[in-house]
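For reference, the chains in residue letters:
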Amino acid sequence: MNKVMLIGNVGKDPVITYYDTDQPMAVFTLATTERGYTLQNGTVVPDRTDWHNIVLWRGLAKVAERYVHKGDKIYVEGRLRYRMYDDQKGARRYVTEIVGENMELLSPKPQTQQPQDKPDGGGDIPSDADRPF
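Rules used in this analysis
Residues numbered from 1 in each chain as written. Predicted model: local features only at pLDDT ≥ 70, side-chain atom pairs only at ≥ 80, totals over all residues. Heavy atoms only, no water. Salt bridge = Lys/Arg side-chain N within 4 Å of Asp/Glu carboxyl O. Helix = DSSP H or I, 4+ residues; strand = E, 2+ residues; numbered from the N terminus. Core = buried A, V, L, I, M, F, W, Y, C linked by side-chain atoms within 4.5 Å. Buried < 20%, exposed > 50% of the residue type's maximum accessible area, 1.4 Å probe, protein only. Contact = heavy atoms within 4.5 Å. Pairing = 2+ DSSP bridges.

Asks: What exactly am I supposed to notice about the pattern of salt bridges here?
Replies: Side chains carrying opposite charge are able to pair once their charged atoms draw close together. One pass over the structure, following the stated rule, counts nine salt bridges. With its nearest N and O atoms 3.3 Å apart, the salt bridge here joins D50 to R48. Between R79 and E101 there is a salt bridge, with the nearest N and O atoms lying 3.2 Å from each other. Taken together, the residues span a long stretch of sequence, with R79 in strand β7 (residues 73-86) and E101 in strand β8 (residues 92-105) at a distance of 22 residues. Residues participating in the shared-partner salt-bridge network are R81, R83 and E97.

Asks: What exactly am I supposed to notice about the nonpolar core here?
Replies: As a rule of thumb, soluble globular proteins bury nonpolar side chains together. If you look at the biggest cluster of nonpolar residues, it comprises 19 residues, and the most contacted ones within it are L30, I54, L56, I74, V76 and M103. Top element by residues in this core is helix α1 (residues 58-67). It accounts for five residues. Dropping the residues within four chain positions of it, I54 is found in contact with L6, A26, V27, F28, L30, V76 and I98.

Asks: Is there a simple way to think about the pairing of strand β6 (residues 48-57) in this case?
Replies: It is a general feature of regular strands that their side chains alternate between the two faces of the sheet. With ten bridges joining them, strand β3 (residues 23-34) and β6 adopt antiparallel strand pairing. Pairing of A26 across the sheet is with L56, part of β6. As judged from the three bridges shared by β6 and β8, these two strands associate in the parallel manner. Note on β8: the bridge partner recorded for I54 is I98.

Asks: Explain the side chain of T29 to me, please; I cannot follow it from the model alone.
Replies: If you trace the backbone, T29 turns up in strand β3. Every residue in contact with T29, bar those within four places of it in the chain, is listed here: N9, V10, G11, K12, W51, H52 and N53.

Written as structure tokens, this is what we have:
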């Protein structure tokens, strides 16, 4: 079984590439952090942050294009993929990626300006129905 589950903060806005008509791919980085602690003998173990390359395809890529931004906290579930390539200088490069199969936005929805109360005292009730997930 090849399964990865990560919760972290988006390191940069997703880069969206359309490889076919209406078929996007989203690529971005995700930072996960293990919190530091202090041992009983006083030794301080610092925070450790790992960076992950995330790749999303089709529908998830469209969601990422619209709703994922630098700094957002997200949950990504997917599988590990390893690949290699030769760079422009001929050096062999190795890449580890997480190919996302499921994603949830954990950051609160940005607050938009509240509509003014109507003269009859009734105000609009905000709805999360416009979110696709």
